[in-house]
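Each chain is listed here by its residues.
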Amino acid sequence: MAPQLKPCVPFRVLWMLHAFLDLAGSQEIYAPHSIRVEGDVTLGGLFPVHARGVPGMPCGDIKKENGIHRLEAMMYALDQINSDDELLPNVTLGARVLDTCSRDTYALEQSLTFVQALIQKDTSDVRCTNGEPPVFVKPEKVVGVIGASASSVSIMVANILRLFQIPQISYASTAPELSDDRRYDFFSRVVPPDSFQAQAMVDIVKAMGWNYVSTLASEGSYGEKGVDAFMQLSREAGGICIAQSLKIPHDHKPSDFDKIIRLLLDTRYARAVILFASDEDIRGILNASKRADQLGHFLWIGSDSWGAKNSPIHQLEDAAIGAVTILPKRATISGFDAYFTSRTLENNRRNVWFAEYWEENFNCKLMSSSKKDESSRKCTGQERIGIDSKYEQEGKVQFVIDAVYAMAHALHNMQRDLCPENSGICPEMDLAGGKKLLKYIRSVSFNGSAGTSVTFNRNGDAPGRYDLFQYQLNNVTGAGYRVIGQWTETLQLNIEDMQWPRGEQDIPSSVCSLPCKTGERKKVVKGMPCCWHCEACDGYQYQHDEFTCKLCSYNMRPNANRTSCQPIPIIKLEWHSPWAVIPVFLAMLGIIATIFVMATFIRYNDTPIVRASGRELSYVLLTGIFLCYIITFLMIAKPDVGVCSFRRIFLGLGMCISYAALLTKTNRIYRIFEQGKKSVTAPRLISPTSQLAITSSLISVQLLGVLIWFGVDPPNTIIDYDEQKTINPDLARGVLKCDITDLQIICSLGYSILLMVTCTVYAIKTRGVPENFNEAKPIGFTMYTTCIVWLAFIPIFFGTAQSAEKLYIQTTTLTISMNLSASVALGMLYMPKVYVIIFHPELNVQKRKRSFKAVVTAATMSSRLSHKASDRPNGEAKTELCENVDPNSPAEKKKFVSYNDLVI
């Protein structure tokens, strides 16, 4: 966190003031090296002429650009104002310029010079050696201060200047903390605060598509407060995460920078680094990245302390390639260039540090006390700036000039209001005080040296206007800064003009996690919203948004890239499917065979075999068999209300008709022979009409059940999405089918199965009747086979209820089972008869008739009878019960059971 000025600071200031009074010397004791320019009104100046010194030394090497250029900019502005007849006429501005040595504590000591004139000294107990009271030279009164440069220095100095109500205008301090008008009420600045700069940096990071960055700040208010502003604004903007926030200590060593580089490399994906650092610290970090062989890895975003200056990157150009820097909008002041390049040792004696600058700039030695090595050449004094040395105007020169002019315009307006009758300084103006001057400072508005307006808001801040630079390597002009955009409330960035290190063509990435693929959701890491793991939306989920997967509705499945849902394809059993071809083929064969049998029976309707088979029930039975084959086509046809209605009707009806007829037959045989054991009287209800009535009553039960089913649950179609909802949604299908459940199918067939079982029981009971006299055995074999078929059907039907192929397996199983049942009945009961009728017509003749008693006796004594096979074709009862051998005999008939009326 940035160090805060605690309540102890004023006590420290008072203590220093007390020490100042105790020394009782001239001001030169506190500012032995300072510039004094005489004038009617004196302005103070604070500039970092020297860098921070090594431990034990307050000052280090001279700073050519940040120090001398800026200082001379103030001198140039004073000359311009004093020569201007329009601005402050008849008033000469003077100056007292001090060196801060880039150290806040040293600057605070130096700034005591500015308040000397405001301190009342008690000299009553001070006497000279001759007993006379001493004569003190009254120091000049400083009405306002231009400076300082570093925010930490401005904060320290502002605390003492506000105690004495001395207004202060900074040309380079941008710490957001200084916008607090309650604590720094006498502070103003012609540069925008870092809160604007931080917002511009946030906009740059977002425009680059970066969301994972590190911050690096020089210890002190400027660096720490700048980073704090960036972090706060990035949180408010959202979408930017801070990988690391590191500080460069005041008293740093090269190893400190190496450690910082190692720490930054711990989060390698955070390539972008936000820099709020001094020139020396920028050089240190670039040097460390070069030592670590990480040239081109880091994407530096430098604040205005870097700007477009060459000093931070001198001989480190390769480490700075691709760096994006920010600088308040400025222009090169051509008048200052002419002024500064004309400065020589002869015409610039007022600058007490100019000789030291001369040595450093031309790499020569002027005097024996010089810090230069003995090996350095002697200066001739004939060297010229910009000719014998490289010269480029420092970036803050414009703002120094604007700060001086802002103070001059405020003094001019105050003089105009307070001294309307006087052309110079009047007593009213001399007594007005700093608070009055501050009011005029905050209300100034004029066009500055670059042609842009200079104004202050209520907090003393200038509006935010920045140029954006990138340090690029050009094959023609070499390495240098290139303007790539600007920020004035909004970002205007020319990305196509940008270049990147290592020859990268696209914008390098600085993200914690790569974007998730289409169809994947972000699982954010706790506490780090820019870092996430990508999880695929699986199963029937689709990507609802970047953080959420949602299930598709029951009738939908995700599309190929899982960005939305699409309808599940609808299927049905197609005619060309192998599952349908086999049942259809069997059904067609069965239908042809059934029609052939029925046609044969109709053709030979009055022959003995047809009559002996029970013509009425045979036609009923053949109808049932025909319907068993027909149901195959209904089960495969595309479901609709009509098809579903016919399915309900005919699903169990064919079997019901078949087994009702067979049950009636077997029951009749059983009753005849049971009755014959007791008496010769024929049992009741054995006539064809009675048999049809019994069969119809049995069939009506099935029809009544279907009718009730229609009333309770009207037929309709449904699409079953659960039947083929596979794990892989690409294989999912909706099955178009009738609204008939497996249980309803079994219930519909249940009555027929009951008839079948009952018929089987009767077949078993009549198994002892000789085949000479009845067809009970073929019926028995038919029922046994049918039971086996249906016993196999039930486990297959229900065992595949959870299978993905349920539709095909169950439909095929059901239709084949019904086809087999019909085919067994057709083959065992009718094919032998048809064979005899077609191929052995000589056997299809009427034999002698026998009485009912004779038939019964023959049945009960079957074990003692021996008939040739030729006398019992088809194993059926060929004997009629009659007294005449000749069927054509006209003799009077006795009581008998006619062949036509009694078919066993």
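The rules behind each value
Residues numbered from 1 in each chain as written. Predicted model: local features only at pLDDT ≥ 70, side-chain atom pairs only at ≥ 80, totals over all residues. Heavy atoms only, no water. Buried < 20%, exposed > 50% of the residue type's maximum accessible area, 1.4 Å probe, protein only. Helix = DSSP H or I, 4+ residues; strand = E, 2+ residues; numbered from the N terminus. Pairing = 2+ DSSP bridges. Phe/Tyr/Trp six-rings, centres within 6.5 Å; stacked < 30°, edge-to-face > 60°. Lys NZ or Arg CZ within 6 Å of the ring centre and 35° of its normal. Axes fitted to C-alpha atoms, helices over the stretch in contact; angles between N-to-C directions. Parallel < 35°, antiparallel > 145°, perpendicular 65-115°, else oblique. Left-handed = near helix turned anticlockwise from the far one by under 90°. Contact = heavy atoms within 4.5 Å. Nonpolar A, V, L, I, M, F, W, Y, C, P; charged D, E, K, R; others polar.

S.K.: Would you mind going over the pairing of strand β13 (residues 324–328) with me for this structure?
M.R.: Looking along a regular strand, one sees side chains alternate from face to face of the sheet. The buried count for β13 comes to five of five residues, which makes it a mostly enclosed element. Residues Val-324, Ile-326 and Pro-328 point to one face of β13 and Thr-325 and Leu-327 to the other, with burial holding for every one of them. Pairing geometry for β13 and strand β18 (residues 466–474), over five bridges, is antiparallel. Looking at β18, one finds that Val-324 is bridged to Gln-470.

S.K.: Honestly, the packing of aromatic side chains in this entry has me stumped. Any pointers?
M.R.: The geometry of an aromatic ring pair is captured by two quantities: the separation of the ring centres and the angle between the planes. Under the counting rule described, the total for this entry stands at 21 aromatic pairs. Where Tyr-466 meets Trp-487, the ring centres are 6.1 Å apart and the plane angle is 55 degrees; that geometry is what we call tilted. Note that Tyr-466 is positioned in strand β18 and Trp-487 in strand β19 (residues 478–488), a separation of 21 residues in sequence. Both residues of the pair, Tyr-466 and Trp-487, belong to the buried class. Three or more aromatic residues link up through ring pairs in this structure, and these residues are Tyr-76, Phe-336, Tyr-339, Phe-340, Phe-354, Tyr-357, Trp-358, Phe-362 and Tyr-391. Sitting over the ring of Trp-532, Lys-522 keeps its end group 3.9 Å from the ring centre. Positioned above the aromatic ring of Tyr-604 is the side chain of Arg-603, whose terminal nitrogen or guanidinium carbon lies 4.9 Å from the ring centre.

S.K.: Mind showing me how you'd approach the packing of helix α15 (residues 578–603) against helix α23 (residues 831–839) here?
M.R.: Direction vectors running N to C along α15 and α23 enclose 50 degrees, while the axes themselves pass 10 Å from each other. Between α15 and α23, the interaxial angle falls into the category oblique. As α15 runs across α23, the sense of the crossing is left-handed. Taking contact as the criterion, the partners of Ala-593, Phe-596, Val-597, Thr-600 and Phe-601 in α15 are, on α23, Met-831, Lys-833, Val-834, Ile-837 and Ile-838. Grouping the constituent residues of the contact of α15 with α23 by class yields eight nonpolar, one polar and one charged.

S.K.: Even after reading the chapter, I still don't get the pairing of strand β4 (residues 59–62), so can you show me in this structure?
M.R.: Alignment of strand β3 (residues 50–52) against β4, held across two bridges, turns out to be antiparallel. The residue bridging Arg-52 from the neighbouring strand is Cys-59, located in β4. Connecting β3 to the antiparallel partner β4 that follows it, the hairpin turn spans six residues, and Gly-56 within it adopts a positive phi of roughly 95 degrees.

S.K.: What's the story with the sheet that holds strand β12 (residues 299–302) in this structure? I'm lost.
M.R.: Whenever strands of a sheet pair, they do so through backbone hydrogen bonds, lying parallel or antiparallel. Here we have eight strands laid out as an open sheet, ordered β10-β9-β11-β12-β13-β18-β19-β20, and mixed in their pairing. The sheet is open, and its two borders are formed by β10 (241–248) and β20 (490–493), each paired with just one other strand. Pairs of neighbouring strands in the sheet enclose a mean axial angle of 25 degrees, with direction left out of account. The pairing of β18 with β19 spans nine bridges and is classified as antiparallel. Residue Asn-474 lies in a different strand from β19, and its bridge partner there is Gly-478. On the sheet, helix α5 (residues 194–208) packs against β9 (212–218), β11 (272–276), β12, β13, β18, β19 and β20 and is oriented at approximately 170 degrees with respect to β11.

Function cannot be inferred from these measures alone, as they are strictly geometric.
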